[in-house]
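The lines below spell out each chain.
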Amino acid sequence: MEAPYKPFGQAIDTAAEWDSPMFNLAQEQFLSAANIINLDTNVRNRLLYPQRSSMISFPCRQDGYDDVETVFGYRVQHVLTMGPTKGGIRYHEDVNLGEVSALAMWMTWKCALMALPFGGAKGGVRIDPTRLSRRELQRLTRRYTMEIIDIIGPDRDIPAPDLGTNEQVMAWIMDTYSQQVGHAVPEIVTGKPVVLGGSLGRMEATGRGLIYTVIEAARHLDLRLDQSTAVVQGFGNVGSNAMRFLQEQGVKIIGVSDVSTGLHNPNGLDVDALEGHVRQHGSLEGYGDAEAISNAELLELDCDILAPCALQNQITADNAERIHCKILAEGANGPTSLEADRILTEKGVFIIPDILGNAGGVTVSYFEWVQDTQKFTWTLKQINERLHEILIGAFARTLERSTREQVDMRTAAMIEGIERVASAKALRGLYP
Ligand code: NAD
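The shown structure was predicted, so the numbers you read here are calculated from the model rather than taken from an experiment. (Residues numbered from 1 in each chain as written. Predicted model: local features only at pLDDT ≥ 70, side-chain atom pairs only at ≥ 80, totals over all residues. Heavy atoms only, no water.)

**Q** What exactly am I supposed to notice about the site of the ligand here?
**A** In the vicinity of the ligand there are 22 residues, among which Arg-90, Asp-162, Thr-206, Val-238 and Asn-333 approach most closely. Arg-202 is positioned such that a nitrogen or oxygen atom in its side chain is 3.3 Å from an oxygen atom of the ligand. Measuring from an oxygen atom of the ligand, one finds a backbone N or O atom of Gly-331 at 3.4 Å. Calculation on the ligand without its partners gives an accessible area of 830 Å², and the protein chains cover 84% of this total. (Near = heavy atom within 4 Å. Polar contact = N/O pair within 3.5 Å; in protein donor to acceptor, adjacent residues only side chain to side chain. Areas by Shrake-Rupley, 256 points an atom, 1.4 Å probe, with all protein chains shown as cover.)

**Q** I keep staring at the pattern of salt bridges and nothing clicks. Help me out?
**A** If the charged atoms of two oppositely charged side chains come close together, the side chains can form a pair. Enumeration over the complete set of coordinates arrives at 25 salt bridges. The shortest N-O distance in the salt bridge between Arg-143 and Glu-147 comes to 2.9 Å. Of this pair, Arg-143 and Glu-147 both sit in helix 4 (residues 134-147), separated by four residues, roughly a single helical turn. Judged by its relative accessible area of 29%, Glu-147 is partly exposed. Among the salt bridges present, the one from Arg-401 reaches Glu-419, with a minimum N-O distance of 2.8 Å. Placement of the pair is Arg-401 in helix 13 (residues 380-405) and Glu-419 in helix 14 (residues 409-428), with a sequence separation of 18 residues. With relative accessibility at 7%, the residue Arg-401 sits in the buried group. Its relative accessible area of 34% is what places Glu-419 among the partly exposed residues. (Salt bridge = Lys/Arg side-chain N within 4 Å of Asp/Glu carboxyl O. Helix = DSSP H or I, 4+ residues; strand = E, 2+ residues; numbered from the N terminus. Buried < 20%, exposed > 50% of the residue type's maximum accessible area, 1.4 Å probe, protein only.)

**Q** How should the sheet that holds strand 11 (residues 327-329) be read in this particular structure?
**A** Sheets are built from strands paired through backbone hydrogen bonds, the pairs being either parallel or antiparallel. Reading across from one edge, 9-8-7-6-10-11-12 is the order of the seven strands in this open sheet, with mixed pairing throughout. The two strands at the open ends of the sheet, each matched to only one other strand, are strand 9 (291-293) and strand 12 (350-352). This sheet shows a mean twist of 20° between the axes of neighbouring strands, independent of strand direction. As defined by bridge partners, strand 11 adjoins strand 12 across three bridges and the pair is classed as parallel. Of the residues in strand 12, the one forming a bridge with Leu-328 is Ile-351. (Pairing = 2+ DSSP bridges. Axes fitted to C-alpha atoms, helices over the stretch in contact; angles between N-to-C directions.)

**Q** Help me understand the packing of helix 4 against helix 5 (residues 167-181) in this model?
**A** To describe two helices that pack against each other, one gives the angle between their axes and the distance between the axes. As a packed pair, helix 4 and helix 5 sit with axes 9 Å apart at the nearest point and diverge in direction by 45°. Judged on the interaxial angle alone, helix 5 and helix 4 are oblique. Here helix 4 runs over helix 5; the crossing is right-handed. Across the interface between the two elements, Arg-134, Leu-137, Gln-138, Thr-141, Arg-142, Thr-145 and Met-146 of helix 4 pack against Gln-168, Val-169, Trp-172, Ile-173, Asp-175, Thr-176, Tyr-177 and Gln-180 of helix 5. (Parallel < 35°, antiparallel > 145°, perpendicular 65-115°, else oblique. Left-handed = near helix turned anticlockwise from the far one by under 90°. Contact = heavy atoms within 4.5 Å.)

**Q** Explain the nonpolar core to me, please; I cannot follow it from the model alone.
**A** Across soluble globular proteins, nonpolar side chains have a tendency to be buried as a group. Phe-30 and Trp-109 are the most contacted members of the largest nonpolar core, which has 93 residues in total. Considering each element in turn, this core owes the most residues, 12 residues, to helix 3 (residues 97-113). If near-sequence neighbours (up to four positions away) are discounted, Trp-109 is found in contact with Phe-30, Leu-47, His-78, Ile-355, Met-414, Gly-417, Ile-418 and Val-421. Judged by nonpolar contacts, the second largest core, of 23 residues, contains Tyr-91, Ile-127, Leu-137 and Val-169. (Core = buried A, V, L, I, M, F, W, Y, C linked by side-chain atoms within 4.5 Å.)

Structure, rendered in structure tokens:
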């Protein structure tokens, strides 16, 4: 049968601007979930691409005053239907439009799965932040903020930290935005320092949330955490906090890594000792009480819980057969490829997908935004209780859906998120 005539032109498959392995992964995950629920074709095609994508280039003056470099940055808003958009800003040398768009799409499903009043967004600048001085980082952040100032705002799009950015970067964004409007606007970003209107508990929220979901998964699998072992890839915000909360549950951490090295000690590693080493030396490299191994070897260690908390695309068809864990707890975004997903599911690995496992960060970011807009602060106890309630609710809904539809946890989580967005789209209708 001949394809139907499309008066508005381009066939959907020809949109090459976003083309990248990570965006293709996000699209394929979406399509596989959309097919299971027979999602309306018109809605499906709308959700396949971001609603707004901004690509910018801007000049950055190095500390040596005469040297000016051109830098590339992005801000992508996937869905504007649900409320303001929300998503982190990533500083990394590989950042590109496809990667940022994939991350924005995942944010949409994550916010919807948690029933937060946000659509997904993401931003990024293609630099290696570890090679910039503090002054260079500040200038770059302020100029990037100015370049995207027309599309962000407390009721439009609210940035947060991600890979390579932190509380200090959020403070500079908040200050730059506030200078432009003439008064302090703490609700323009989340994940900022508490003294500027940040929320208690936000720093550790992603790691804490991940372990709340690990506890639920262990209960489901009848796994005793105090007799379990874990391996954590990444020792930044998410990884170090995940390690701390696992340790609190009595889990023995036998492996951990950062960009510099992997560490293995079958007798267990201590998070305080590792943090002390990083404070003194800048990375895990050279830590004495463990064997140094590569990041690839780390992922293949025998353990009960494997928590990738660094980069995307770490578990692929190349190494999935050699992954030996009972629970894969995704702290990072997009750490597992589609092929690896299939292999691990066949091996009986219980996967806590990223949009569920690392949703603690955006959930407490939501609490931060609510506190800032209401000028009213909550206690840490209130925050952690509310975070726990939301995460275990989402875990239970996902597990129930996965059992009912006979699908893996990732597909179930996606279905829950997609359905909510699709029903909001149907209710709002089409303009004009
Ligand atoms: P971070 O910059 O604080 O830490 C990243 C860690 O990964 C560092 O220890 C770094 O050394 C390590 N790393 C970098 N490249 C590596 C490599 N090639 N191999 C092994 N380790 C490597 O970043 P973060 O905020 O902890 O984010 C980590 C992941 O979690 C990202 O995928 C991010 O999108 C995701 N995430 C973060 C949050 C948050 O609240 N920060 C929320 C949700 C998801």
